[in-house]
Amino acid sequence: MDSFRKNLLGLAALMALLAVAPLLLGNDYYLTVLTLSAINAIIVVGLNLLLGHAGQISLGHGAFYGLAAYTSAILTATLGLPVFLGGLAGVLCAGVVALAIGIPTLKLHGHYLAMATLGFGLIVYIVFNEAVGLTGGPSGFTGIPRLSLAGMELTSDLGYYYLCAGCLGLVILVALNLIDSRTGRALRALHTSEKAAQAVGVDIARYKLAVFVLSALYAGLAGVLYAHYLTFIAPASFGFLYSVELIVMVVLGGMSSIFGSVAGAFFLTALPEFLRAFENIEILLFGAILIVCMIFLPEGLAGGVRAVRARLFRRAKGAGDA
Amino acid sequence: MNISSLLQYLISGLTTGSTYGLAALGFTIIFNSTGIINFAQGEFVMLGGMFSVFFMKWFGLPIAWAVLLAALATMIAGALIERLAIRPVKGASPINLVIVTIGVSIFIRGLAMLVWGKDTYALPAFSGDKPIAVLGAAMMPQSLWVLGVSLAMLAALKAFFSHTIQGKAMLACSFDRKAASLMGIGVERMVLLSFMISALIGAVGGAILAPITLTSFDVGVLLGLKGFAACILGGLGNPFGAALGGLVLGVLESLGAGYLSSAYKDAFAFILLLALLFVRPQGLFGRKSVKRV
């Protein structure tokens, strides 16, 4: 069975798990955690493509997420546009801005994208805080309408959770398809050797740019889902620390495995709910995870699981031979 | 536009610009010896300021000793970072190295928050805060300290790189690591040394700026980013371009805050960075590099 088929099976299993999860956790509070996890996982799938497949790092995905959330909030709550249009505009806005940042930086060698997105994230954060007339400033933006489809407002939390889980499934499907396509092969080639890839005619900058924009679109989709779920947004949710948290989710789960990253997203979103002292050690913990993973588990938990499995199989086989 | 307010902006721009320049120097030294862009550079600047404040508070030291000790402590932190986080991932892909330095930066920030809390602290000015009048503009004595110390650091570095055997060895590593290693230079030791020097420079920058801009556990990100923008302005890899880039950036930022908008002061550095990457990625003072395969 090829790896694409295997991944599709994995996706089906994941969707089944997500479908029964709310039935097992019969509690409104856990449903909120699940919904937010699914929203985070959408961004993380995009970041996984960027980090693990295009070999670039973005420290500004919190900003794309926020940009889409605010765009949609302003268009729907302030200007009264239908949520569908506002949401679409929000997602597109994230994509267009990513294009504008990606074009100059991805042409260059080295990690200019990391610094550029770090700066971009800080600026967007400043704007969210300072443009009080538009965004409500540090105290936040209230009164965002709930999502409605064809005149029917989606009021039930369970319904919204299934919408987010469905979006996550779709986003993963697109990502798996991309990895299995010509683009995916090009990305793998440039990950192995940029020079060799270039020599056989892969337009490196274009592929990196495409993945970067796609990941920003994912972040935008998540931002729209977030804004219309909580109906309240504030700049603090979209700051530098959130962008780093997203990176931690990808790295912990495994840069080269989409499912690993998704698991990382669910784990780290749920963690603060179980760890009471979390708020004080959050930053420290993120830093420690990044360092320790890079030293001992560069492939993340997914890679660790793979390594353990390979070892067990080898041992079992060895025992059989003897 | 009157002359005295213009002068005022120039003075404050050159003062903060000196710190950006020092941060940029730190970036350059590590970049040259390892090819890594060290995302924790801004944390060195933060540590310099915070250590100074707390050495004064905890041990009742006079300010000169506190600053000296802070620089030393940050240098040790730099050495620890290299030994515990950078060396274990030696030879990893560039993306992993970047992630490690981001991890280090976040880790230091989290540690600083745990130990020192979220408050903002001030360091007293080195020699009083009675302003000196210069052509109608007021100049704080601390600004003179900042400019003087930065110049002294620059001169000391220049001397180090051109007159000592260690400095020349580091320079050799930055040209070609393999060739340097064949000449008997301990490349690993040079990398350690470059982290220590970067930490020292950053810490001194943080300590001399702390009386003017205050300091807290989270100033590192922005200072680091501006230091990087200064690097790009001066041409990445060129130490004196980096220092000059810092000054130019500081002045532009100060003028922007004065004449355009102070709320968006921090945005100028980034807009400049993006504009530069667009039109002149090799920096204002850098030459176009030719990459050979």
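The preceding data block contains the structure.
My aim in this report is to walk through the structure given alongside it, one point at a time. What you see is a predicted model; the values in this text were computed from it and never measured.

## So, the overall build of chain B
Stage number 1. Helices and strands together make up the secondary structure of chain B, namely 11 helices and two strands.
Stage number 2. Listing every helix and strand of chain B by position from the N terminus yields α-α-α-α-β-β-α-α-α-α-α-α-α.
Stage number 3. Classification of the 293 residues of chain B by burial places 50% in the buried group.
Stage number 4. Within chain B, counting contacts between residues at least 6 apart in sequence, those at least 24 apart form 75% of the total.

## What to know about helix H3 (residues 63-86) of chain B
Stage number 1. Look at H3(B): 32 Å from first C-alpha to last across 24 residues, which is about the 34 Å you get at 1.5 Å a residue.
Stage number 2. Within H3(B), the full set of buried residues consists of Ala66(B), Val67(B), Ala70(B), Ala71(B), Thr74(B), Met75(B), Ala77(B), Gly78(B), Ile81(B), Glu82(B), Ala85(B) and Ile86(B).
Stage number 3. Summarising the contacts, the buried residues of H3(B) are in contact with helix H13 (278-296) of chain A together with helix H2 (41-59), helix H4 (94-116) and helix H8 (187-213) of chain B.

## Points about the nonpolar core
Stage number 1. Among the nonpolar cores identified, the biggest contains 196 residues, and Ile42(A), Ala94(A), Leu290(A) and Ala229(B) are the most heavily contacted of them.
Stage number 2. The dominant element in this core, judged by the number of residues it contributes, is helix H10 (residues 204-230) of chain A, at 18 residues.
Stage number 3. Dropping the residues within four chain positions of it, Leu290(A) is found in contact with Val248(A), Val251(A), Ile99(B), Val100(B), Ile102(B), Gly103(B) and Ile106(B).

## Some details on unusual backbone geometry
Stage number 1. For Thr231(A), which is not glycine, the phi torsion reads 55 degrees and is therefore positive.
Stage number 2. On the neighbour-count criterion, Thr231(A) (15 C-beta atoms within 10 Å) is partly exposed.
Stage number 3. Residues other than glycine seldom take positive phi values, yet Leu214(B) does so here, at roughly 65 degrees.
Stage number 4. Looking at the secondary structure, you find Leu214(B) in the loop between H8 and helix H9 (220-234).

## Description of the interface of chain A and chain B
Stage number 1. Tallying the contact residues gives 34 residues for chain A and 36 residues for chain B.
Stage number 2. Counting residues per element, the ones that place at least two in the side of chain A that touches chain B are helix H4 (83-106), helix H5 (112-130), helix H11 (240-253) and H13 of chain A.
Stage number 3. Here the side of chain A that touches chain B is composed, by residue class, of 26 nonpolar, six polar and two charged.

What counts, and where the lines are drawn
Residues numbered from 1 in each chain as written. Chains lettered and ligands numbered in written order. Predicted model: local features only at pLDDT ≥ 70, side-chain atom pairs only at ≥ 80, totals over all residues. Helix = DSSP H or I, 4+ residues; strand = E, 2+ residues; numbered from the N terminus. Buried ≥ 20, exposed ≤ 12 C-beta atoms within 10 Å, placed from the backbone. Contact = placed C-beta atoms within 7 Å. Expected span 1.5 Å × (residues − 1). Core = buried A, V, L, I, M, F, W, Y, C linked by C-beta atoms within 7 Å. Nonpolar A, V, L, I, M, F, W, Y, C, P; charged D, E, K, R; others polar.

Interpretation note: all reported values are geometric properties and have no functional meaning in isolation.
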